[in-house]
Amino acid sequence: MDEDLHSFLSATGIATVFLGPDLAIRSYSPDVLRWFRFQPHDIGRPFTDIGSQLDVRPLHRMVCDATRSSSIHEVDLATDTGNELVRVRIAPYRDGLVLTMSDLSHVARYARETGQALAEARARANEIEQIYRYSPGAMGLLDSDLRYLRANPKLGEIDGLPPEDHIGKHLLEVHPALGPEMASRIRAIIDGGDNGIRATLRGRSAADGDRIHYWQADFFRIKREDGGIAVGFKLYDVTQLIELQADLRRMMRELQHRVKNMLSNVIALVNRAKRDRRDHDVALDTLSSRIRAMATTHNLLTAENWISSNLRDIVEMELTQVYGAERLDLRGPETRLNARATLGIGMALHELATNAAKYGAFSDPAGRVSLRWSRMDEGDGEMLILNWTETNGPSVTAPDRRGFGTQLIHSMVEGTLSGTVSESWEPEGLRVVISLPWTTATEIDYDSDIDPLRDADPLP
Amino acid sequence: MTATSTRSAMRILYLEDEPIIALDTADMLSDLGFGDIAMVHSLPAAERVISAGKPDVALLDVNMGHGRTSIALGTMLIEAGIPVVFATGYAPSALPCDPRALVIEKPFRVETLDRALRNVTEHRPAN
């Protein structure tokens, strides 16, 4: 080998090996030592005997092939660790071959890193794709001109468009109704520099057009690669929650109304007691028994959701439990009273019994009270008739003026239940006939205290 | 003429569907000097009273049950020149009552009732 050529090869840094016709090593440049364990005494030995950190089997095959042809061959060899890659070029040279080796390790590293980055990017893109596809919330992405870049199936359910048909369309074109409200928030992010805005939107959904839906909407700024701004949004259907909240507020108002009404009634009874000219103890006893009677009927109603009560239960609470079954004769069919009639009949029976305890049958151990109730139609439509008859008590006469109890009975029955009350003071005792239109007494009037704000906006 | 002597000649329409409250308030009205108290417990009864003879002033409970209110009746009375005081167990601001009427919240004190009735009757145009 020429001294000049050797110097030249050393200077270029190109790893080169010259082989003779029998593949014996003729000469090599120092750079070869990076990969091959050549020693000066290896000159003349067959190239295939020399150890290397590279996997040289493909090289050996190719070198054998190259000896039989005159074309140039190339083979890439990797180290066992895979960290280095060497490209070997095999060309005929004189009666043998010349092998030149170039280090492709950095290229291999770039390729590996690029492959990894690509796989990672694919995984990320896939994750985002899945998030969009399976998100329980509607999601969309808009460019700064409010044109769709992305939309998910849930959003499609709201506006009735397949997700892919959103792309490129303007927000207002896709959502004529919801759009303007959304657009004002999105503009605030694009123009105003807000990072995120939360709002409650209301509108109709194509998937369920009959009712008004409510969405909690989050709009957020997204910086695009080109430096521009996109706006992402997420709509989460909170209709059930909003309706539940409205129901709760309605119930709170209803409860507040009832409590206030009850207190108004109690105050009215206390005022009445203040006007009572009798002894204070008597007046206070009357007051407390009236409040208790009111509590009793409220208990009965509360037990049945404030809808109705059984007339027999009222009778048991107001009469049997206070005066004893042995002094009462109670008869009547199963009758369910509505809330208003429960309160009215409850108070009326309470006042009749209190009056009987003071002046009538319950004031004498031998005295008895019979209460019969029936459903009758004597030509004026169906009526609920209650017959209160006192016997064996002291003889009674009509009082010269109506007491508060009697006024209360008349107001309850005539004023609020459209019924009639007739009293007759018989020698054997007081008889009272109360008659009420059957429907007034029994038709469910659950909404009798209906909330005047029931149609109020469910949004607070 | 003092307020009381004016009131003794006045006919007041009083609508309240809660009998216990109605009886107590009727006592208050009597204490305040009203000589002619037409107490009714339902809207039809109120209409019967009005067609029998125009009252001079009206005190109306707003919530009449079954979702009905006396708001329209109140407006009708005001249109006919009859001053109106509404009473309600709800927050007064929550109800769309005629702004020419006064609204008092139940339960009310006799002083509140007195002041409200005085205010509406004294600002009434002379007939």
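See above for the structure.
Quick caveat, the model's predicted, so the values are computed rather than measured.

A. View of empty space enclosed by the protein. Here the structure, examined in full by the defined rule, presents 2 cavities of 30 Å³ or more. Counted as a void, the second largest cavity has a volume near 80 Å³. Surrounding the second largest cavity, A:Ser264, A:Ile267, A:Ala268, A:Asn271, B:Ile21, B:Asp24, B:Thr25, B:Met28, B:Lys106, B:Pro107 and B:Phe108 form its lining. Elements with a minimum of two residues in the lining of the second largest cavity: α7 (239–275) of chain A together with α2 (19–31) of chain B.

B. View of the interface of chain A and chain B. Every contact between the two is made by 31 residues of chain A and, on the other side, 25 residues of chain B. At the boundary of chain A and chain B, one finds 5 salt bridges. For the salt bridge of A:Lys260 with B:Glu105, the shortest nitrogen-to-oxygen distance reads 2.4 Å. When residues of the side of chain A that touches chain B are traced back to their parent elements, those giving at least two are α7, α10 (339–359) and α11 (404–416) of chain A. When residues of the side of chain A that touches chain B are assigned to their parent elements, the largest contribution, 12 residues, is made by α7(A). The residue inventory of the side of chain A that touches chain B, partitioned by class, reads 11 nonpolar, 10 polar and 10 charged.

C. Quick peek at the sheet that holds strand β3 (residues 73–78) of chain A. Residue and element names in this part refer to chain A. Across the sheet, which stays open at both edges, the 5 strands sit in the order β2-β1-β5-β4-β3 with antiparallel pairing between neighbours. Every other strand in the sheet has two partners, leaving β2 (25–28) and β3 as the edge strands with one partner each. Ignoring strand direction, the axes of neighbouring strands in this sheet form an average angle of 20 degrees. Strand direction decides the pairing type here: strand β1 (residues 15–19) and strand β5 (residues 96–103), joined by 5 bridges, are antiparallel. Among the inter-strand pairings, Leu19 is bridged to a residue of β5, identified as Leu97. The sheet contacts of helix α2 (residues 57–68) involve β1, β3, β4 (85–93) and β5, and relative to β3 the element is tilted by about 170 degrees.

D. Geometry of a nonpolar patch on the surface. All names here are of chain A. On the surface, Met252, Leu255, Val259, Leu263 and Ile267 cluster together into a nonpolar patch covering about 460 Å² of accessible area. Looking at the element boundaries, Val259 is found in helix α7. The partly exposed category is assigned to Val259, whose relative accessible area is 43%.

E. Fine view of unusual backbone geometry. Backbone torsion omega between B:Lys106 and B:Pro107 reads -10 degrees, so that peptide bond is classified as cis. Among the secondary structure elements, B:Pro107 is positioned in the loop between β5 (102–105) and α5 (110–122). Phi at A:Leu23 is positive, roughly 65 degrees, even though this residue is not glycine. With respect to the element layout, A:Leu23 can be found in the loop between β1 and β2. One non-glycine residue, A:Ser418, lies in positive phi territory at about 55 degrees. With respect to the helices and strands, A:Ser418 occurs in the loop between α11 and β16 (420–426). Judged by relative accessible area, which is 51%, A:Ser418 ranks as exposed.

F. Local environment of the packing of aromatic side chains. Residue and element names in this part refer to chain A. Scanning all chains against the criterion turns up 7 aromatic pairs over all chains. Ring geometry for Phe18 against Tyr93: centres 5.0 Å apart, planes inclined by 55 degrees, an arrangement best described as tilted. A residue pair is termed long-range when its members are at least 10 positions apart, and Phe18 in strand β1 and Tyr93 in strand β4 qualify at 75 residues. Judged by relative accessible area, which is 8%, Phe18 ranks as buried. Relative accessible area serves as the criterion here: at 26%, Tyr93 is assigned to the partly exposed category. Through pairs of rings, three or more aromatic residues link up here, namely Tyr28, Phe36, Phe38 and Phe47. Over the aromatic face of Tyr110 sits the side chain of Arg109, whose NZ or CZ is 5.8 Å from the ring centroid. Here Arg150 stacks its cationic end above the ring of Tyr132, 4.5 Å away from the centre of that ring.

G. Spotlight on the sheet that holds strand β8 (residues 196–205) of chain A. All names here are of chain A. The 5 strands lie next to each other as β7-β6-β10-β9-β8, forming an open sheet whose pairing is antiparallel. The sheet is open, and its two borders are formed by β7 (148–151) and β8, each paired with just one other strand. Between one strand and the next, the sheet's axes are offset by a mean angle of 25 degrees, whatever the strand orientation. Of the strand pairs in this sheet, strand β6 (residues 138–142) and β7 are connected by 3 bridges, and their pairing is antiparallel. In the sheet register, Gly140 faces β7, and the bridge partner there is Ala151.

H. Structural context of the packing of α2(B) against α5(B). All names here are of chain B. Put simply, α2 and α5 touch, their axes get as near as 10 Å, and they point 60 degrees apart. On the basis of the axis angle, α2 is oblique to α5. Classified by chirality, the crossing of α5 by α2 is right-handed. Contact residues: Thr25, Met28 and Leu29 in α2; Val110, Leu113 and Leu117 in α5. Residue composition of the contact of α2 with α5, by class: 5 nonpolar, 1 polar and no charged.

I. Fine view of the pairing of β16(A). Residues and elements named next belong to chain A. Pairing of β16 with strand β17 (residues 429–437) involves 7 bridges; the strand directions are antiparallel. Within the sheet, the bridge partner assigned to Trp425 lies in β17 and is Leu430. The antiparallel pairing of β16 with β17 creates a hairpin that spans 2 residues between the two strands.

J. Quick peek at the layout of surface pockets. Space inside the largest pocket adds up to approximately 1000 Å³. The wall of the largest pocket is formed by 38 residues, among which A:Tyr359, A:Arg402, A:Gly403, A:Phe404 and A:Gly405 lie closest to the centre. Elements with a minimum of two residues in the lining of the largest pocket: α7, α8 (280–303), α10, α11 and β16 of chain A together with α2 of chain B. Looking at which element gives the most residues to the lining of the largest pocket, the answer is α10(A), with 6 residues. Each residue belonging to the lining of the largest pocket can be placed in one class, and the counts come to 13 nonpolar, 10 polar and 15 charged.

K. Inspection of the nonpolar core at higher detail. In terms of nonpolar packing, the biggest core is built from 65 residues, with A:Leu371, A:Trp388, A:Ile434 and B:Leu113 touching the most fellow members. Sorting elements by how many residues they give to this core places α10(A) first, with 8 residues. Ranked by size, the runner-up nonpolar core spans 25 residues in total, among them A:Tyr28, A:Trp35, A:Val86 and A:Val88.

Cut-off values and rules
- Residues numbered from 1 in each chain as written.
- Chains lettered and ligands numbered in written order.
- Predicted model: local features only at pLDDT ≥ 70, side-chain atom pairs only at ≥ 80, totals over all residues.
- Heavy atoms only, no water.
- 1 Å grid on protein atoms, 1.4 Å probe; cavity = no way out; pocket = protein on both sides within 12 Å on 5 of 7 lines; lining within 4 Å.
- Points joined across faces, edges and corners; volume = space filled by probe spheres on them.
- Helix = DSSP H or I, 4+ residues; strand = E, 2+ residues; numbered from the N terminus.
- Contact = heavy atoms within 4.5 Å.
- Salt bridge = Lys/Arg side-chain N within 4 Å of Asp/Glu carboxyl O.
- Nonpolar A, V, L, I, M, F, W, Y, C, P; charged D, E, K, R; others polar.
- Pairing = 2+ DSSP bridges.
- Axes fitted to C-alpha atoms, helices over the stretch in contact; angles between N-to-C directions.
- Patch = residues over 30% accessible without salt bridge, like charges linked within 9 Å, V, L, I, M, F, W, Y side chains within 5 Å.
- Areas by Shrake-Rupley, 256 points an atom, 1.4 Å probe, with all protein chains shown as cover.
- Buried < 20%, exposed > 50% of the residue type's maximum accessible area, 1.4 Å probe, protein only.
- Phe/Tyr/Trp six-rings, centres within 6.5 Å; stacked < 30°, edge-to-face > 60°.
- Lys NZ or Arg CZ within 6 Å of the ring centre and 35° of its normal.
- Parallel < 35°, antiparallel > 145°, perpendicular 65-115°, else oblique.
- Left-handed = near helix turned anticlockwise from the far one by under 90°.
- Core = buried A, V, L, I, M, F, W, Y, C linked by side-chain atoms within 4.5 Å.

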